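Take a look at the letters that make up each chain.
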Amino acid sequence: MIAKIVPGTNFKGAIDYITDIFGKDKQKKGARIICHSDGIPPGADNKTMGVLLDSYARKGDHNIGDPVRHFILSFSKYDAPKLTDALMSQIFQEFLSRMGYKNTEFLAARHQSRKNPHLHGITLRIDRDGNVISDAFEIDKANRIALELTKKYGLHISSGKVDVSRDRLRGRDKAKYKIYDAVSAAMKNTDTWDKFYEALERQDIQMKFHINNVTGKLLGISFSTDGFSFGGKSVDRSMTLAKLEEHFGKLNEIVHENVHDYYEDNWEEYIEALPYDKRSSVMKNLYKPFVDFFPNGVPELKLPDVRLSLGNAFYDDRITDGDIIPSKDGNSDFVPLQLLLFIILDNYQPQLSLCGGGSSQSSGWGKKDDEDERWKFRFRFNMGILKGIVAGAKRKPKQHKYSLRR
(Lines give C-alpha, C1' and ligand atoms only; values in the text may rest on other atoms or scores of the structure.)
Protein backbone atom coordinates (compact mmCIF):
# COMPACT_ATOMS: atom_id res chain seq x y z
CA MET A 1 0.00 0.00 0.00
CA ILE A 2 1.21 3.50 -0.87
CA ALA A 3 -0.05 6.69 0.79
CA LYS A 4 -0.11 10.14 -0.76
CA ILE A 5 -1.12 13.43 0.89
CA VAL A 6 -2.68 16.43 -0.90
CA PRO A 7 -3.20 19.53 1.29
CA GLY A 8 -6.06 21.80 0.28
CA THR A 9 -8.35 24.69 1.16
CA ASN A 10 -11.68 23.86 -0.52
CA PHE A 11 -13.77 21.01 0.89
CA LYS A 12 -16.46 21.15 -1.81
CA GLY A 13 -13.85 20.98 -4.58
CA ALA A 14 -12.09 18.04 -2.93
CA ILE A 15 -15.37 16.15 -2.51
CA ASP A 16 -16.35 16.79 -6.13
CA TYR A 17 -12.99 15.41 -7.20
CA ILE A 18 -13.08 12.17 -5.20
CA THR A 19 -16.71 11.44 -6.13
CA ASP A 20 -16.12 12.45 -9.77
CA ILE A 21 -19.33 14.47 -9.88
CA PHE A 22 -18.46 15.81 -13.32
CA GLY A 23 -17.61 12.37 -14.76
CA LYS A 24 -14.42 13.51 -16.45
CA ASP A 25 -12.11 10.74 -15.32
CA LYS A 26 -12.71 7.26 -16.70
CA GLN A 27 -10.54 5.80 -13.94
CA LYS A 28 -13.00 7.14 -11.36
CA LYS A 29 -16.06 5.78 -13.15
CA GLY A 30 -18.26 4.13 -10.58
CA ALA A 31 -16.62 6.01 -7.66
CA ARG A 32 -18.63 5.48 -4.50
CA ILE A 33 -18.43 6.59 -0.89
CA ILE A 34 -17.59 3.59 1.30
CA CYS A 35 -17.40 5.25 4.72
CA HIS A 36 -17.95 8.55 6.52
CA SER A 37 -18.02 9.95 10.04
CA ASP A 38 -21.16 10.55 12.12
CA GLY A 39 -20.95 14.27 11.40
CA ILE A 40 -21.89 13.69 7.76
CA PRO A 41 -25.55 12.67 7.24
CA PRO A 42 -26.20 9.57 5.13
CA GLY A 43 -27.13 10.47 1.56
CA ALA A 44 -25.94 14.08 1.84
CA ASP A 45 -25.00 15.68 -1.48
CA ASN A 46 -21.58 17.15 -2.17
CA LYS A 47 -22.61 20.74 -1.47
CA THR A 48 -24.04 19.81 1.93
CA MET A 49 -20.98 17.76 2.87
CA GLY A 50 -18.70 20.63 1.81
CA VAL A 51 -20.63 23.18 3.91
CA LEU A 52 -20.59 20.88 6.94
CA LEU A 53 -16.86 20.17 6.74
CA ASP A 54 -16.13 23.85 6.23
CA SER A 55 -18.14 24.74 9.34
CA TYR A 56 -16.37 22.07 11.38
CA ALA A 57 -13.01 23.49 10.25
CA ARG A 58 -13.94 26.92 11.66
CA LYS A 59 -14.28 25.57 15.17
CA GLY A 60 -11.67 26.72 17.68
CA ASP A 61 -9.21 29.59 17.83
CA HIS A 62 -6.91 29.13 14.86
CA ASN A 63 -6.11 30.42 11.41
CA ILE A 64 -5.27 27.36 9.34
CA GLY A 65 -4.65 28.12 5.68
CA ASP A 66 -4.97 24.53 4.46
CA PRO A 67 -7.61 22.76 6.61
CA VAL A 68 -8.31 20.07 3.99
CA ARG A 69 -6.40 16.81 4.12
CA HIS A 70 -6.87 14.60 1.08
CA PHE A 71 -5.32 11.14 1.47
CA ILE A 72 -4.90 8.64 -1.36
CA LEU A 73 -4.29 5.01 -0.44
CA SER A 74 -3.24 2.84 -3.38
CA PHE A 75 -3.09 -0.94 -3.17
CA SER A 76 -1.39 -3.56 -5.30
CA LYS A 77 -3.35 -5.21 -8.09
CA TYR A 78 -2.51 -8.52 -6.37
CA ASP A 79 -4.67 -7.49 -3.39
CA ALA A 80 -7.79 -6.81 -5.46
CA PRO A 81 -9.56 -10.14 -4.66
CA LYS A 82 -9.44 -9.54 -0.91
CA LEU A 83 -10.09 -5.79 -0.84
CA THR A 84 -13.78 -5.52 0.01
CA ASP A 85 -15.28 -2.11 0.72
CA ALA A 86 -15.43 -3.04 4.40
CA LEU A 87 -11.72 -3.91 4.55
CA MET A 88 -10.67 -0.78 2.68
CA SER A 89 -12.82 1.31 5.03
CA GLN A 90 -11.24 -0.35 8.07
CA ILE A 91 -7.71 0.24 6.75
CA PHE A 92 -8.46 3.88 5.95
CA GLN A 93 -9.89 4.63 9.39
CA GLU A 94 -6.94 2.97 11.11
CA PHE A 95 -4.60 4.94 8.88
CA LEU A 96 -6.33 8.19 9.95
CA SER A 97 -6.11 7.25 13.62
CA ARG A 98 -2.41 6.45 13.44
CA MET A 99 -1.76 9.71 11.59
CA GLY A 100 -3.28 11.59 14.53
CA TYR A 101 -6.75 12.20 13.09
CA LYS A 102 -8.57 10.37 15.89
CA ASN A 103 -11.45 12.77 16.58
CA THR A 104 -12.29 14.29 13.22
CA GLU A 105 -14.95 14.18 10.53
CA PHE A 106 -14.08 12.25 7.39
CA LEU A 107 -15.32 10.45 4.30
CA ALA A 108 -13.72 8.09 1.80
CA ALA A 109 -14.59 7.08 -1.76
CA ARG A 110 -13.39 3.99 -3.59
CA HIS A 111 -12.36 4.34 -7.21
CA GLN A 112 -12.47 1.68 -9.88
CA SER A 113 -9.22 1.03 -11.72
CA ARG A 114 -8.13 -1.66 -14.16
CA LYS A 115 -4.83 -2.10 -12.36
CA ASN A 116 -4.65 -0.80 -8.81
CA PRO A 117 -7.53 -0.59 -6.31
CA HIS A 118 -7.40 2.71 -4.44
CA LEU A 119 -9.43 5.10 -2.35
CA HIS A 120 -9.52 8.83 -1.77
CA GLY A 121 -10.27 10.06 1.73
CA ILE A 122 -10.92 13.53 3.09
CA THR A 123 -10.59 14.80 6.63
CA LEU A 124 -9.67 18.09 8.27
CA ARG A 125 -6.82 19.32 10.44
CA ILE A 126 -9.18 20.51 13.18
CA ASP A 127 -10.72 17.95 15.49
CA ARG A 128 -14.20 18.04 17.03
CA ASP A 129 -12.89 20.02 20.03
CA GLY A 130 -11.39 22.73 17.84
CA ASN A 131 -7.79 21.60 18.28
CA VAL A 132 -5.34 21.84 15.39
CA ILE A 133 -3.75 18.53 14.36
CA SER A 134 -0.03 18.79 13.68
CA ASP A 135 1.19 18.08 10.16
CA ALA A 136 4.87 17.82 11.16
CA PHE A 137 6.78 15.17 9.20
CA GLU A 138 3.46 13.84 7.89
CA ILE A 139 4.90 12.50 4.64
CA ASP A 140 7.46 10.34 6.41
CA LYS A 141 4.82 9.33 8.95
CA ALA A 142 2.35 8.38 6.22
CA ASN A 143 4.94 6.24 4.42
CA ARG A 144 5.85 4.43 7.64
CA ILE A 145 2.22 3.81 8.64
CA ALA A 146 1.32 2.61 5.14
CA LEU A 147 4.08 -0.01 5.33
CA GLU A 148 3.00 -1.08 8.83
CA LEU A 149 -0.62 -1.54 7.72
CA THR A 150 0.48 -3.40 4.61
CA LYS A 151 2.26 -5.93 6.81
CA LYS A 152 -0.51 -6.07 9.41
CA TYR A 153 -3.24 -6.93 6.88
CA GLY A 154 -1.06 -9.29 4.86
CA LEU A 155 -1.13 -7.13 1.74
CA HIS A 156 1.32 -7.30 -1.14
CA ILE A 157 4.56 -5.43 -0.49
CA SER A 158 5.59 -3.65 -3.64
CA SER A 159 9.10 -4.09 -4.96
CA GLY A 160 9.32 -0.31 -5.09
CA LYS A 161 9.11 2.12 -7.98
CA VAL A 162 9.11 -0.77 -10.45
CA ASP A 163 5.44 -1.49 -9.72
CA VAL A 164 4.23 2.06 -10.31
CA SER A 165 2.10 2.51 -13.44
CA ARG A 166 4.06 5.00 -15.53
CA ASP A 167 1.22 5.69 -17.97
CA ARG A 168 -0.91 7.22 -15.23
CA LEU A 169 1.73 9.66 -13.99
CA ARG A 170 1.52 13.37 -14.69
CA GLY A 171 3.62 16.47 -14.11
CA ARG A 172 6.21 16.26 -11.33
CA ASP A 173 5.62 12.56 -10.62
CA LYS A 174 6.07 11.71 -14.30
CA ALA A 175 9.37 13.62 -14.44
CA LYS A 176 10.61 11.96 -11.25
CA TYR A 177 9.95 8.45 -12.51
CA LYS A 178 11.46 9.30 -15.89
CA ILE A 179 14.65 10.23 -14.05
CA TYR A 180 14.47 7.12 -11.87
CA ASP A 181 14.14 4.82 -14.87
CA ALA A 182 16.89 6.56 -16.84
CA VAL A 183 19.35 6.66 -13.93
CA SER A 184 18.65 3.00 -13.07
CA ALA A 185 19.31 1.91 -16.65
CA ALA A 186 22.42 4.08 -16.97
CA MET A 187 23.89 2.68 -13.75
CA LYS A 188 23.45 -0.85 -15.06
CA ASN A 189 24.88 -0.16 -18.51
CA THR A 190 27.79 2.20 -17.80
CA ASP A 191 30.89 2.02 -15.63
CA THR A 192 32.34 5.54 -15.82
CA TRP A 193 31.07 9.00 -14.99
CA ASP A 194 31.30 10.30 -18.55
CA LYS A 195 29.33 7.39 -20.03
CA PHE A 196 26.75 7.77 -17.27
CA TYR A 197 26.50 11.50 -17.99
CA GLU A 198 26.10 10.93 -21.74
CA ALA A 199 23.47 8.22 -21.22
CA LEU A 200 21.35 10.66 -19.20
CA GLU A 201 21.79 13.44 -21.75
CA ARG A 202 20.40 11.16 -24.45
CA GLN A 203 17.25 10.89 -22.33
CA ASP A 204 17.12 14.71 -21.98
CA ILE A 205 18.09 14.51 -18.31
CA GLN A 206 20.59 16.96 -16.87
CA MET A 207 22.87 16.01 -13.98
CA LYS A 208 24.47 18.69 -11.82
CA PHE A 209 26.60 18.78 -8.69
CA HIS A 210 25.81 21.10 -5.81
CA ILE A 211 28.84 23.08 -4.57
CA ASN A 212 28.72 25.20 -1.41
CA ASN A 213 30.82 28.29 -2.13
CA VAL A 214 30.98 29.23 1.56
CA THR A 215 32.27 25.95 3.01
CA GLY A 216 33.92 24.65 -0.17
CA LYS A 217 32.09 21.35 0.17
CA LEU A 218 30.37 19.20 -2.43
CA LEU A 219 26.81 18.92 -1.10
CA GLY A 220 25.26 16.41 -3.46
CA ILE A 221 23.83 15.71 -6.88
CA SER A 222 20.62 16.67 -8.67
CA PHE A 223 18.76 15.57 -11.79
CA SER A 224 16.34 17.62 -13.86
CA THR A 225 14.05 17.11 -16.85
CA ASP A 226 10.87 18.62 -18.31
CA GLY A 227 11.12 21.66 -16.04
CA PHE A 228 11.41 19.70 -12.77
CA SER A 229 14.49 19.18 -10.62
CA PHE A 230 15.15 16.63 -7.85
CA GLY A 231 17.97 15.86 -5.48
CA GLY A 232 19.41 12.38 -5.93
CA LYS A 233 18.06 11.19 -2.59
CA SER A 234 14.53 12.39 -3.38
CA VAL A 235 14.56 10.30 -6.56
CA ASP A 236 15.78 7.21 -4.73
CA ARG A 237 18.15 6.41 -1.89
CA SER A 238 20.31 4.48 -4.33
CA MET A 239 20.93 7.64 -6.36
CA THR A 240 22.69 9.87 -3.86
CA LEU A 241 26.15 11.20 -4.69
CA ALA A 242 27.68 8.78 -2.18
CA LYS A 243 25.99 5.79 -3.83
CA LEU A 244 26.97 6.93 -7.32
CA GLU A 245 30.58 7.37 -6.23
CA GLU A 246 30.54 3.84 -4.88
CA HIS A 247 29.58 2.71 -8.38
CA PHE A 248 31.68 5.01 -10.58
CA GLY A 249 34.49 6.03 -8.22
CA LYS A 250 35.12 9.07 -6.04
CA LEU A 251 35.56 12.17 -8.14
CA ASN A 252 38.52 13.58 -6.23
CA GLU A 253 40.31 10.22 -6.38
CA ILE A 254 39.71 9.97 -10.13
CA VAL A 255 41.13 13.46 -10.65
CA HIS A 256 44.14 12.67 -8.44
CA GLU A 257 44.96 9.47 -10.33
CA ASN A 258 44.69 11.16 -13.71
CA VAL A 259 46.78 14.16 -12.66
CA HIS A 260 49.40 11.71 -11.40
CA ASP A 261 49.42 9.89 -14.74
CA TYR A 262 49.59 13.15 -16.66
CA TYR A 263 52.51 14.40 -14.57
CA GLU A 264 54.51 11.19 -14.91
CA ASP A 265 53.75 10.77 -18.61
CA ASN A 266 54.95 14.26 -19.48
CA TRP A 267 58.09 14.01 -17.36
CA GLU A 268 58.95 10.72 -19.02
CA GLU A 269 58.46 12.21 -22.50
CA TYR A 270 60.50 15.28 -21.59
CA ILE A 271 63.38 13.29 -20.17
CA GLU A 272 63.51 10.92 -23.12
CA ALA A 273 63.65 13.88 -25.51
CA LEU A 274 66.82 15.22 -23.83
CA PRO A 275 70.33 14.25 -24.86
CA TYR A 276 71.43 11.26 -22.82
CA ASP A 277 74.14 13.19 -20.95
CA LYS A 278 71.61 15.84 -19.82
CA ARG A 279 69.07 13.48 -18.33
CA SER A 280 70.75 12.80 -15.02
CA SER A 281 71.32 16.49 -14.31
CA VAL A 282 67.74 17.46 -15.14
CA MET A 283 66.34 14.68 -13.00
CA LYS A 284 68.58 15.63 -10.09
CA ASN A 285 67.97 19.38 -10.22
CA LEU A 286 64.40 19.71 -11.46
CA TYR A 287 62.48 16.50 -10.99
CA LYS A 288 60.21 16.29 -7.98
CA PRO A 289 58.25 13.07 -7.41
CA PHE A 290 54.49 13.45 -7.51
CA VAL A 291 54.24 11.93 -4.03
CA ASP A 292 56.27 14.85 -2.66
CA PHE A 293 53.53 17.25 -3.74
CA PHE A 294 50.89 15.18 -1.97
CA PRO A 295 52.58 13.16 0.80
CA ASN A 296 49.22 12.32 2.37
CA GLY A 297 47.80 10.87 -0.83
CA VAL A 298 44.53 12.18 -2.25
CA PRO A 299 43.94 15.65 -0.77
CA GLU A 300 40.67 16.40 1.00
CA LEU A 301 38.12 17.73 -1.44
CA LYS A 302 37.63 21.42 -0.72
CA LEU A 303 36.31 23.26 -3.74
CA PRO A 304 37.05 26.92 -4.41
CA ASP A 305 34.34 29.48 -5.00
CA VAL A 306 32.94 28.66 -8.44
CA ARG A 307 32.90 32.25 -9.69
CA LEU A 308 36.44 32.92 -8.49
CA SER A 309 37.65 29.64 -9.95
CA LEU A 310 36.16 30.20 -13.40
CA GLY A 311 36.42 33.99 -13.61
CA ASN A 312 33.53 36.44 -13.81
CA ALA A 313 33.09 36.48 -17.58
CA PHE A 314 33.23 32.70 -18.03
CA TYR A 315 30.99 32.17 -15.00
CA ASP A 316 28.35 34.59 -16.33
CA ASP A 317 28.46 32.97 -19.78
CA ARG A 318 27.87 29.55 -18.23
CA ILE A 319 24.85 30.87 -16.35
CA THR A 320 23.46 32.31 -19.57
CA ASP A 321 23.96 28.95 -21.30
CA GLY A 322 22.29 27.12 -18.41
CA ASP A 323 25.42 25.16 -17.47
CA ILE A 324 25.54 26.78 -14.03
CA ILE A 325 22.47 27.34 -11.86
CA PRO A 326 23.13 29.54 -8.80
CA SER A 327 21.15 28.93 -5.63
CA LYS A 328 18.59 31.55 -4.59
CA ASP A 329 20.80 32.81 -1.77
CA GLY A 330 23.86 32.92 -4.02
CA ASN A 331 25.92 30.83 -1.60
CA SER A 332 26.08 27.73 -3.79
CA ASP A 333 26.01 26.64 -7.41
CA PHE A 334 24.82 23.65 -9.40
CA VAL A 335 27.40 22.73 -12.04
CA PRO A 336 27.72 19.93 -14.65
CA LEU A 337 30.33 17.19 -14.48
CA GLN A 338 32.90 18.81 -16.78
CA LEU A 339 32.92 22.08 -14.83
CA LEU A 340 33.11 20.27 -11.50
CA LEU A 341 36.20 18.38 -12.62
CA PHE A 342 37.71 21.57 -14.01
CA ILE A 343 37.19 23.21 -10.60
CA ILE A 344 38.68 20.26 -8.71
CA LEU A 345 41.82 20.66 -10.84
CA ASP A 346 42.35 24.07 -9.25
CA ASN A 347 43.54 22.23 -6.12
CA TYR A 348 46.50 20.94 -8.14
CA GLN A 349 47.50 24.15 -9.93
CA PRO A 350 49.56 25.76 -7.13
CA GLN A 351 51.74 22.65 -6.78
CA LEU A 352 51.98 21.64 -10.42
CA SER A 353 51.74 24.91 -12.34
CA LEU A 354 55.43 24.68 -13.16
CA CYS A 355 55.39 20.89 -13.49
CA GLY A 356 58.92 20.51 -12.30
CA GLY A 357 58.73 21.90 -8.85
CA GLY A 358 62.23 23.35 -8.86
CA SER A 359 63.28 26.91 -8.26
CA SER A 360 65.03 27.09 -11.59
CA GLN A 361 63.98 29.75 -14.08
CA SER A 362 63.09 26.95 -16.41
CA SER A 363 59.86 25.11 -15.76
CA GLY A 364 61.41 21.84 -16.81
CA TRP A 365 59.24 21.68 -19.89
CA GLY A 366 61.30 23.93 -22.16
CA LYS A 367 58.75 26.74 -21.77
CA LYS A 368 59.23 30.33 -20.63
CA ASP A 369 58.09 31.20 -17.13
CA ASP A 370 56.61 34.62 -17.81
CA GLU A 371 53.01 35.09 -16.66
CA ASP A 372 51.45 34.66 -20.11
CA GLU A 373 53.21 31.37 -20.66
CA ARG A 374 52.14 30.10 -17.24
CA TRP A 375 48.49 30.82 -18.02
CA LYS A 376 48.86 29.17 -21.41
CA PHE A 377 50.29 26.12 -19.74
CA ARG A 378 47.55 26.12 -17.11
CA PHE A 379 44.99 26.01 -19.89
CA ARG A 380 46.82 23.18 -21.66
CA PHE A 381 47.26 21.35 -18.38
CA ASN A 382 43.55 21.47 -17.59
CA MET A 383 42.33 20.67 -21.06
CA GLY A 384 45.00 18.05 -21.63
CA ILE A 385 43.86 15.82 -18.78
CA LEU A 386 40.22 16.81 -18.48
CA LYS A 387 39.10 14.27 -21.06
CA GLY A 388 40.85 11.47 -19.21
CA ILE A 389 39.45 12.61 -15.90
CA VAL A 390 35.88 12.81 -17.17
CA ALA A 391 36.25 9.29 -18.49
CA GLY A 392 37.13 8.22 -14.98
CA ALA A 393 39.14 5.31 -16.29
CA LYS A 394 39.51 2.47 -13.83
CA ARG A 395 42.47 1.09 -15.70
CA LYS A 396 45.48 -0.29 -13.89
CA PRO A 397 47.98 2.58 -13.35
CA LYS A 398 50.90 2.56 -15.75
CA GLN A 399 54.31 1.88 -14.31
CA HIS A 400 56.53 4.77 -15.31
CA LYS A 401 60.28 4.73 -15.25
CA TYR A 402 60.38 7.51 -12.70
CA SER A 403 57.14 6.72 -10.95
CA LEU A 404 57.20 6.62 -7.18
CA ARG A 405 53.76 5.16 -6.70
CA ARG A 406 53.26 3.65 -3.32
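Residues numbered from 1 in each chain as written. Predicted model: local features only at pLDDT ≥ 70, side-chain atom pairs only at ≥ 80, totals over all residues. Heavy atoms only, no water.

**Points about the confidence of the model for the chain**
Step number 1: Taken over all residues, the pLDDT of the chain has a mean of 82, while the share at 70 or more is 81%.
Step number 2: Contacts for the low-pLDDT stretch residues 387-406, under 50 throughout, to residues beyond four places or in other chains number 51 contacts. (pLDDT = per-residue confidence, 0-100. Contact = heavy atoms within 4.5 Å.)

**Focus on the sheet that holds strand β8 (residues 228-231)**
Step number 1: Here five strands make up an open sheet; going across it, the order is β8-β7-β6-β10-β9 and the pairing antiparallel. Edge positions in the open sheet fall to β8 and β9 (325-326), since each of these has one partner strand only.
Step number 2: For strand β7 (residues 218-225) and β8, the ladder comprises four bridges, and the chain directions are antiparallel. Each bridged residue has a counterpart across the sheet, and for Ser 224 the counterpart in β8 is Ser 229.
Step number 3: Sheet strands in contact with helix α8 (residues 241-248) are β6 (206-212) and β7, and its direction is about 90 degrees off that of β7. (Pairing = 2+ DSSP bridges. Helix = DSSP H or I, 4+ residues; strand = E, 2+ residues; numbered from the N terminus. Axes fitted to C-alpha atoms, helices over the stretch in contact; angles between N-to-C directions.)

**Examining the nonpolar core**
Within soluble globular proteins, side chains that are nonpolar generally end up buried alongside one another.
Step number 1: The biggest cluster of nonpolar side chains holds 57 residues, and the ones touching the most others in it are Trp 193, Phe 196, Phe 209 and Phe 223.
Step number 2: Counting 27 residues, the second-largest nonpolar core is a separate cluster that includes Met 1, Met 88, Ile 91 and Phe 106. (Core = buried A, V, L, I, M, F, W, Y, C linked by side-chain atoms within 4.5 Å. Buried < 20%, exposed > 50% of the residue type's maximum accessible area, 1.4 Å probe, protein only.)

**A short note on helix α6 (residues 193-202)**
Step number 1: All of the buried residues in α6 are Trp 193, Asp 194, Phe 196, Tyr 197, Ala 199 and Leu 200.
Step number 2: Within two residues after α6, Asp 204 carries a phi angle of roughly 60 degrees, on the positive side.

**Thoughts on the pairing of strand β5 (residues 118-124)**
Step number 1: For β5, a buried count of seven out of seven residues is recorded, marking the element as mostly surrounded by other parts of the structure.
Step number 2: Going residue by residue along β5, you find His 118, His 120, Ile 122 and Leu 124 tucked away on one face and Leu 119, Gly 121 and Thr 123 tucked away on the opposite face as well.
Step number 3: With seven bridges connecting them, strand β3 (residues 68-74) and β5 associate as antiparallel partners. Counterpart to Phe 71 in the pairing with β5 is Gly 121.

**So, the side chain of His 118**
Step number 1: Turning to its location among the elements, His 118 is positioned in strand β5.
Step number 2: A distance of 3.0 Å separates the side chain of His 118 from the backbone oxygen of Asn 116, its partner in a polar contact. (Polar contact = N/O pair within 3.5 Å; in protein donor to acceptor, adjacent residues only side chain to side chain.)

**Section: unusual backbone geometry**
Step number 1: Positive phi outside glycine occurs at Asp 204, with the angle close to 60 degrees.
Step number 2: By secondary structure assignment, the location of Asp 204 is in the loop between α6 and β6.
Step number 3: Notably, Asp 226 is not glycine yet its phi reads approximately 50 degrees, a positive angle.
Step number 4: Among the structural elements, Asp 226 can be located in the loop between β7 and β8.

**Examining the sheet that holds strand β1 (residues 2-8)**
Step number 1: Reading across the sheet, the five strands line up as β1-β3-β5-β4-β2 and stay open at both edges, with antiparallel pairing between neighbours. Both outer strands of the open sheet, β1 and β2 (32-36), are each paired with one neighbouring strand and no more. For this sheet the average axis-to-axis angle between neighbouring strands, irrespective of direction, equals 20 degrees.
Step number 2: Relative to β3, β1 is paired through seven bridges, and the arrangement is antiparallel. Its bridge partner lying in β3, Ile 2 is registered against Ser 74.

**Section: the packing of aromatic side chains**
Step number 1: Inspection of the entire model under this criterion finds 14 aromatic pairs.
Step number 2: Centroid distance Phe 71 to Tyr 101: 5.6 Å. Interplanar angle 75 degrees. Geometry classified as edge-to-face. Placement of Phe 71 in strand β3 and of Tyr 101 in the loop between α3 (85-99) and β4 (106-111) is noted, with a sequence separation of 30 residues between them. The two residues Phe 71 and Tyr 101 agree in class, both being buried.
Step number 3: One aromatic cluster in this structure is built from Tyr 263, Trp 267, Tyr 270, Tyr 287, Phe 290, Phe 293 and Phe 294.
Step number 4: Positioned above the aromatic ring of Phe 314, the side-chain terminus of Arg 318 is 4.6 Å from the ring centre. (Phe/Tyr/Trp six-rings, centres within 6.5 Å; stacked < 30°, edge-to-face > 60°. Lys NZ or Arg CZ within 6 Å of the ring centre and 35° of its normal.)

**Points about the pattern of salt bridges**
Once the charged atoms of two side chains with opposite charge are near each other, the side chains can pair.
Step number 1: Within the structure shown, the criterion is met by 21 salt bridges.
Step number 2: Arg 144 is paired through a salt bridge with Glu 148; the nearest N and O atoms lie 3.2 Å apart. Here Arg 144 and its partner Glu 148 are both found in helix α4 (residues 138-152), four residues apart, which amounts to about one turn of the helix.
Step number 3: A relative accessible area of 31% places Glu 148 in the partly exposed class.
Step number 4: Lys 217 is the salt-bridge partner of Glu 300, the closest N and O atoms lying 2.9 Å from each other. Of this pair, Glu 300 sits in the loop between α11 (290-293) and α12 (306-310) while Lys 217 sits in the loop between β6 and β7; the two residues are 83 residues apart in sequence, bridging distant segments of the chain.
Step number 5: Its relative accessible area of 62% is what places Glu 300 among the exposed residues. (Salt bridge = Lys/Arg side-chain N within 4 Å of Asp/Glu carboxyl O.)

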